[in-house]
Amino acid sequence: MDTIVAKITNDSLTDKKIYEQAGKILREGGLVAFPTETVYGLGANALDDEAVKKIFIAKGRPQDNPLIIHVSTKEISGLVKDVPEVAQKIIDKFWPGPLTVILEKKDIIPNVTSANLNTIGIRMPNSEIALKLIELAERPIAAPSANISGRPSPTEVERCVEDLNGRVDYIIGGESSDIGVESTIVDCTVNPPLVLRPGGITLEMLKEINPEIELDKALKSKPNDDFKPKAPGMKYKHYAPNAHLKIIKGKNEKTIEIINEIVENYIEKGNDVAILTTNENLNKFNNGKVISLGSENDLKEIAKNLFETLRKCDDLRVQYILCQGFEENGVGLAIMNRLNKAAGYDILEV
Ligand code: AMP
Ligand code: MG
């Protein structure tokens, strides 16, 4: 399949043509990748089961992993049976933004989209490009991240092209994703609501709406039989670079000491190694390709750079990546959730 790649600029005539072409493709059952503030999404008409099936094929996504529907308005009564009071408060406060609510779906939403669940995740993104496209498509758009399943999510259009060129109809570029990790998912079909996936909207922010909102217990450990994650997608290895990623967690100076030791060992055996750290620690390593994710005082910056940096490590063709762990509060919870999965839970506590 020929994929058209087009970038939104500030030239209104060119942009108009891009939106019209892409909107038409979506209406006719095709696939369009587009930027959002979390990560790039791969969109299809959420109400057209044939169109949605194409997403699963293009990504190689397991069919039991439901999609999130993207809308351009807070008015969602046509899609869901009921919006409980707490869900409405969450929507009013955080939409448009990096927050997905799980609600009971109406039959208009095909089972392929919800992976046979009777619930559905819905989000109104806060990207002008995404909102315009959804509006023009005149349909709710199912959109998982625009990567081959299992790979780090794209936050730059070049990464969508890398993964999806030839597999989708259209790829729209024009901005990098600012948040850098996927949306926070809150299950509002249970009381109190449960956070199924941490993201840019933090647990602390949600607790201001309802202090009883909690994390899915399965998020606190490696998925196992006792604690199966309630979001089907959270059980898969995910976000992973080709290189083997290992997380080193503990007091800063100790993690630096241990990373220096491990790097020597890897290099002695003829391997190339990347080290992911913060601006503050950049010159504390003796060997290896040292890369900063951002300042230790700015977790938002670290989240924004996370997936792109994992992909850059693959560009460097290293065999191993060693990454310092982060505190698991605020956005740090989302960062560590993605890192743990990308590492297949290879975590060394020192
Ligand atoms: P992605 O689109 O790649 O960001 O993945 C969407 C995530 O949302 C996956 O982890 C899904 O399992 C989760 N998800 C989507 N719909 C539901 C739902 N109805 N109930 C629970 N989790 C969901
Ligand atoms: Mg994804």
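Residues numbered from 1 in each chain as written. Chains lettered and ligands numbered in written order. Predicted model: local features only at pLDDT ≥ 70, side-chain atom pairs only at ≥ 80, totals over all residues. Heavy atoms only, no water.

A.B. asks: Can you help me understand helix α9 (residues 299–315) in this one?
C.D. replies: The periodicity of an α-helix, 3.6 residues per turn, causes residues three or four places apart in sequence to face the same way. If you check α9, its first and last C-alpha atoms are 24 Å apart, about what 17 residues at 1.5 Å a residue would give, namely 24 Å. At leucine 306, α9 shows its maximal kink, close to 45 degrees. Every buried residue of α9 is accounted for by Ile302, Ala303, Leu306, Phe307, Glu308, Thr309, Leu310, Arg311, Cys313 and Asp314. Its buried side turned inward, α9 meets α6 (157–164), β12 (244–249), β13 (273–277), β14 (289–292), β15 (320–324) and α10 (332–342). Two residues or fewer after α9 comes arginine 317, characterised by a positive phi angle close to 60 degrees. (Helix = DSSP H or I, 4+ residues; strand = E, 2+ residues; numbered from the N terminus. Expected span 1.5 Å × (residues − 1). Bend = angle between axes of the 7 residues up to and from the residue. Buried < 20%, exposed > 50% of the residue type's maximum accessible area, 1.4 Å probe, protein only. Contact = heavy atoms within 4.5 Å.)

A.B. asks: Can you walk me through the nonpolar core in this structure?
C.D. replies: Buried together is how nonpolar side chains tend to be arranged in soluble globular proteins. Core analysis: the largest hydrophobic core is formed by 56 residues, its most contacted members being Leu42, Ile90, Trp95, Leu99 and Leu206. Residues in contact with tryptophan 95, not counting those within four places in the same chain, are Val71, Thr73, Lys74, Ile76, Ile90, Val101, Ile122, Arg123 and Met124. Counting residues in each nonpolar core, the second largest holds 27 residues, with Val181, Leu293, Ala342 and Ala343 among its members. (Core = buried A, V, L, I, M, F, W, Y, C linked by side-chain atoms within 4.5 Å.)

A.B. asks: Would you explain the pairing of strand β9 (residues 184–187) in this entry?
C.D. replies: Here is the key point about a regular strand: its side chains alternate between the two faces of the sheet. Burial along β9 is two-sided: the face carrying Thr184 and Val186 and the face carrying Ile185 and Asp187 are both buried. Bridge count between strand β5 (residues 99–104) and β9: four bridges; the pairing is parallel. Note on β9: the bridge partner recorded for threonine 100 is isoleucine 185. In textbook terms, the turn of a hairpin is the stretch between consecutive antiparallel strands, and for β9 and strand β10 (residues 194–197) this stretch comprises six residues. (Pairing = 2+ DSSP bridges.)

A.B. asks: It is not clear to me how helix α8 (residues 252–268) should be interpreted in this structure. Could you clarify?
C.D. replies: Taking 1.5 Å of rise per residue, 17 residues should cover 24 Å, and α8 covers 25 Å from first to last C-alpha, within 8% of that figure. By the burial criterion, the buried members of α8 are Thr255, Ile256, Ile258, Ile259, Asn260, Ile262, Val263 and Tyr266. Close packing links the buried residues of α8 with β12, β13, β15 and β16 (347–349). Backbone geometry just after α8 places glycine 270 at a positive phi near 90 degrees.

A.B. asks: Just checking my understanding: could you explain the packing of α9 against α10 for this structure?
C.D. replies: Relative placement of two packed helices is described by the angle separating their axes and the distance separating the axes. Where α9 contacts α10, the two axes come as close as 9 Å, and the packing angle between them is 20 degrees. One way to sum up the angle between α9 and α10 is to call them roughly parallel. Here α9 runs over α10; the crossing is left-handed. Across from Leu299, Ile302, Ala303, Leu306, Phe307 and Leu310 in α9, the residues of α10 making contact are Gly332, Ile335, Arg338, Leu339 and Ala342. Partitioned by chemical class, the residues of the contact of α9 with α10 number nine nonpolar, one polar and one charged. (Axes fitted to C-alpha atoms, helices over the stretch in contact; angles between N-to-C directions. Parallel < 35°, antiparallel > 145°, perpendicular 65-115°, else oblique. Left-handed = near helix turned anticlockwise from the far one by under 90°. Nonpolar A, V, L, I, M, F, W, Y, C, P; charged D, E, K, R; others polar.)

A.B. asks: What should I look at first to understand the site of ligand 1 in this one?
C.D. replies: The full set close to ligand 1 counts 20 residues, and Arg61, Asn65, Thr119, Arg197 and Gly233 are the nearest of them. Arginine 61 places a polar side-chain atom, nitrogen or oxygen, 3.1 Å from an oxygen atom of ligand 1. In this structure, a nitrogen atom belonging to ligand 1 sits 2.9 Å away from a side-chain N or O atom of threonine 119. Protein burial of ligand 1: of its 500 Å² of free accessible surface, 96% is covered by the chains. In this structure the site holding ligand 1 corresponds to the largest pocket. Per element, the largest residue contribution to the shell around ligand 1 is three residues, and it comes from strand β6 (residues 119–123). Grouping the amino acids of the shell around ligand 1 by side-chain chemistry returns 11 nonpolar, five polar and four charged. (Near = heavy atom within 4 Å. Polar contact = N/O pair within 3.5 Å; in protein donor to acceptor, adjacent residues only side chain to side chain. Areas by Shrake-Rupley, 256 points an atom, 1.4 Å probe, with all protein chains shown as cover. 1 Å grid on protein atoms, 1.4 Å probe; cavity = no way out; pocket = protein on both sides within 12 Å on 5 of 7 lines; lining within 4 Å. Sits in = over half its atoms within 2 Å of the grid points.)

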